[in-house]
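Fold and geometry: a report
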Amino acid sequence: MMDGSVHILNPEQTRQMAELAEQAQVELSRFAGEPVDYDATALQLLDEWVERQPSPPRALRILWTAFVGEIFRRRHGGRWALRQEDGQQLLILCPTEGGAFHAVAVTDQIDRRIANGMADSLALFYLHESILLRQPRDL
């Protein structure tokens, strides 16, 4: 997975992504009317927020990307990375149960969620990817 087109973000870039995720968490908490954590429940709330923003500005897309990515990073021990083919795509590289790494394509999923609505739910994406991360790769 770690070919020449994927680069791990440096510590400063990783810190910046965490700060953007914190901004998203504050805004999502405001949207929900209660504090939210970095978990699957927050993704259900984020799905609602996305639903109410049919044409979100780029800055909001970046906040959403950072928040979803931080959930994977924190919950699955992943690392922020950047894929530079067909534009720049933010990923979280997460270790799998089988000892390999799995790329969670966060930017792509945010784009799909906006384009396709609830058919590409962020909460269901998280569940699906989490299952993949727990499966041995030698099957």
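This section reports on the structure supplied with the text. (Residues numbered from 1 in each chain as written. Predicted model: local features only at pLDDT ≥ 70, side-chain atom pairs only at ≥ 80, totals over all residues. Heavy atoms only, no water.)

1. A short note on the nonpolar core
Soluble globular proteins tend to pack their nonpolar side chains together in the buried interior. Put simply, the test is: Residues enter a nonpolar core if they are buried and are Ala, Val, Leu, Ile, Met, Phe, Trp, Tyr or Cys, with the set joined through side-chain atoms within 4.5 Å. The classification of residues rests on relative accessible area computed with a 1.4 Å probe and restricted to protein chains. Under 20% of the type maximum is buried, over 50% is exposed, and intermediate values are partly exposed. Each helix is a run of H or I in the DSSP string that is no shorter than four residues. Each strand is a run of E no shorter than two, and both are numbered from the N terminus.
Judged by nonpolar contacts, the single largest core of 35 residues is most densely connected at L28, L43, L46, W64, F67, V68 and F72. Elements supplying a minimum of two residues to this core: helix 1 (11–32), helix 2 (40–51), helix 3 (58–76), strand 2 (79–83), strand 3 (89–95), helix 4 (106–116) and helix 5 (122–134). A per-element tally of this core places helix 3 first, with eight residues. Of all hydrophobic cores here, the second largest spans six residues; its members include A81, L91, L93 and A103.

2. Points about the sheet that holds strand 3
Stated formally: Pairing between strands is defined by DSSP: at least two bridges between them are needed. Under this scheme, a helix contributes an axis fitted over its contacting stretch, all axes are lines through C-alpha atoms, and angles between N-to-C directions fall in the 0 to 180 degree range. Contact between two residues is taken to exist if any of their heavy atoms lie within 4.5 Å; hydrogens are not considered.
Taken in spatial order, the four strands make up an open sheet running 1-2-3-4, and their pairing is antiparallel. Strands at the two margins of the open sheet, each flanked by one partner only, are strand 1 (6–8) and strand 4 (101–105). Here the average twist between neighbouring strands, direction ignored, is 35°. Relative to strand 2, strand 1 is paired through three bridges, and the arrangement is antiparallel. Each residue of the ladder has a partner; that of H7, found in strand 2, is L82. Running at roughly 10° to strand 3, helix 3 makes contact with strand 2, strand 3 and strand 4 of the sheet. Across the sheet, helix 4 lies against strand 3 and strand 4, angled at about 120° from strand 3, the strand it touches most.

3. A few points about the pairing of strand 3
Burial within strand 3 is extensive, with six of its seven residues counted as buried. Inspection of the sheet shows strand 2 paired to strand 3 by five bridges, in the antiparallel sense. Note on strand 3: the bridge partner recorded for W80 is I92. As judged from the five bridges shared by strand 3 and strand 4, these two strands associate in the antiparallel manner. Residue pairing across strands places L93 opposite A103, the latter belonging to strand 4. A loop of five residues connects strand 3 with strand 4, the two strands running antiparallel in sequence, and G99 in this loop sits at a positive phi of about 90°.

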